[in-house]
Amino acid sequence: MPPKLSVNIDHVATLRQSRNTLYPDPVHAAVLCQLGGADGVTVHPREDRRHIQDRDVFILKQTLQVPLTLEMALTPAMVDFALQVKPFACTLVPEAREEKTTESGLMVKGREEKLQPLIQRLLDAGIFVSIFIDALEDQIAAAQSLGVHTVEIHTGPYALAQKPAEAQREFQIVRKMTEFASNLGLTANVGHGLHYQNTELIASLPAVAWVHTGHSIISHAVFVGLERAVREMKEVLSRSHLMH
Ligand code: PXP
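A brief look at the structure comes next. Quick caveat: nothing in here was measured; it's all calculated off a predicted structure. (Residues numbered from 1 in each chain as written. Predicted model: local features only at pLDDT ≥ 70, side-chain atom pairs only at ≥ 80, totals over all residues. Heavy atoms only, no water.)

The next subject is the overall build of the protein chain. Helices and strands together make up the secondary structure of the protein chain, namely 11 helices and 8 strands. By residue count, 50% of the 244 residues in the protein chain fall in the buried class. Looking at the protein chain alone, contacts between residues at least 24 apart form 68% of all its contacts between residues at least 6 apart. On the protein chain, roughly 11500 Å² of surface is accessible, and the fraction owed to carbon and sulfur atoms is 55%. Within the protein chain, the 27 negative side-chain charges are centred at a point lying 3 Å from the centre of the 23 positive side-chain charges. (Helix = DSSP H or I, 4+ residues; strand = E, 2+ residues; numbered from the N terminus. Buried < 20%, exposed > 50% of the residue type's maximum accessible area, 1.4 Å probe, protein only. Contact = heavy atoms within 4.5 Å. Areas by Shrake-Rupley, 256 points an atom, 1.4 Å probe, with all protein chains shown as cover. Lys, Arg positive; Asp, Glu negative; His and termini not counted. Charge placed at Lys NZ, Arg CZ, Asp CG, Glu CD.)

Now for a nonpolar patch on the surface. A cluster of nonpolar residues, V31, L32 and L35, forms a patch on the protein surface that exposes about 250 Å² of accessible area. As for its position among the elements, L35 is in helix α2 (residues 26-35). (Patch = residues over 30% accessible without salt bridge, like charges linked within 9 Å, V, L, I, M, F, W, Y side chains within 5 Å. Salt bridge = Lys/Arg side-chain N within 4 Å of Asp/Glu carboxyl O.)

In terms of nonpolar packing, the biggest core is built from 71 residues, with I9, L92, I119, L122, I131, I153 and I217 touching the most fellow members. The element best represented in this core is helix α11 (residues 226-242), accounting for 6 residues. Ignoring any residue separated from it by four or fewer positions in sequence, one finds L92 in contact with M72, L74, L106, I119, L122, V129, S130, I131 and F132. (Core = buried A, V, L, I, M, F, W, Y, C linked by side-chain atoms within 4.5 Å.)

Before going further, it helps to spend a moment on the site of the ligand. The local shell around the ligand holds 13 residues, among which T102, E152, G193, G214 and H215 are the closest. Separating an oxygen atom of the ligand from a side-chain N or O atom of E71 is a distance of 3.0 Å. Note that an oxygen atom of the ligand is positioned 2.9 Å from one of the backbone N or O atoms of H215. Coverage of the ligand by the protein amounts to 93% of the 400 Å² it exposes when considered alone. Because more than half of its atoms lie within 2 Å of the grid, the ligand is assigned to the largest pocket. (Near = heavy atom within 4 Å. Polar contact = N/O pair within 3.5 Å; in protein donor to acceptor, adjacent residues only side chain to side chain. 1 Å grid on protein atoms, 1.4 Å probe; cavity = no way out; pocket = protein on both sides within 12 Å on 5 of 7 lines; lining within 4 Å. Sits in = over half its atoms within 2 Å of the grid points.)

Along an α-helix, residues three or four positions apart point the same way, because every turn accommodates 3.6 residues. Residues of helix α4 (residues 76-85) that are buried include every one of M78, V79, F81, A82 and V85, and no others. Down the axis of α4, the buried side of the element spans an arc of 160°, and every buried residue falls inside it. Of the exposed residues in α4, those oriented more than 90 degrees away from the buried face are P76, A77 and Q84. Residues of α4 that are buried make contact with α3 (54-63), β3 (68-72), β4 (89-92) and α5 (112-124). Backbone geometry just downstream of α4 places K86 in the positive-phi region, at approximately 55°. (Arc of directions from axis to C-beta.)

On to the sheet that holds strand β8 (residues 208-213), then. Read around the closed barrel, the 8 strands follow the order β1-β2-β3-β4-β5-β6-β7-β8; overall the barrel is parallel. Shown here is a sheet whose adjacent strand axes are inclined to one another by a mean of 25°, direction ignored. Sheet analysis places strand β1 (residues 4-8) next to β8, joined by 4 bridges and oriented parallel. When the bridges of β8 are listed, L5 appears paired with V211. The strands touched by α4 are β3 and β4; relative to β3, the strand with the most contacts, the crossing angle is about 170°. (Pairing = 2+ DSSP bridges. Axes fitted to C-alpha atoms, helices over the stretch in contact; angles between N-to-C directions.)

Next up, the structure:
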């Protein structure tokens with residue numbers, strides 16, 4: 001089976017908030033993602049609500065027919081919000097106000113005692129918890145010790161590699177870390193910076209369960225429409241499976 005695809009639709013809300021209009025509506029985007037074959041939809045309500053609004057999240061939860069993932073900072077206020085929404089999954093990310101997008105994985109090692117009570121509240125509510133994490137053994141092992149189900153390995157360094165040798169090196173790190181996570185009993189997802197040219201290799205890794213992609217799909221949709229953009233990424237994932 002090829003990995004599943006969860007489409008991050010934040011950038012639709014970014015466009016809407018740039019003019020404070022009612023359009024384009026991320027809820028409409030989610031419908032088109034489903035028609036294109038998305039296996040899931042992801043949104044990241046940021047603490048400053050710069051793009052996705054609470055209203056988007058509640059309507060998505062009520063109307064989506066595929067799993068909804070909330071990317072979120074691990075703060076008491078965001079945990080309260082997630083418990084109101086009850087998404088399929090929460091992916092915990094670090095959040096800095098000035099950043100354009102999430103810049104690194106959540107640092108877990110050495111902070112377990114601080115993170116545990118908030119994570120436990122999500123787990124107790126029956127929400128799948130994933131941690132967005134750098135491709136490092138000690139961080140992944142620390143995530144597992146917190147009782148989460150999943151880690152999403154940060155593919156940014158692979159995606160940003162300038163030279164083929166560097167990309168190959170980063171790819172091997174992602175490969176090893178997806179296997180390491182899987183051997184610890186964790187589901188291994190991947191995400192960040194993945195586009196139509198660099199995803200096939202990553203998605204061919206047997207341990208990868210879900211691919212989380214946003215910017216490239218929404219960008220491609222500007223030219224070909226969202227349903228087709230999602231379908232084309234699904235085709236990339238299917239091709240990756242033929243590589244085995
Ligand atoms: N996974 C996580 C945890 C992210 O924070 C993001 C960015 O919102 C993505 C995946 C998607 O990254 P991109 O937009 O580069 O595809």
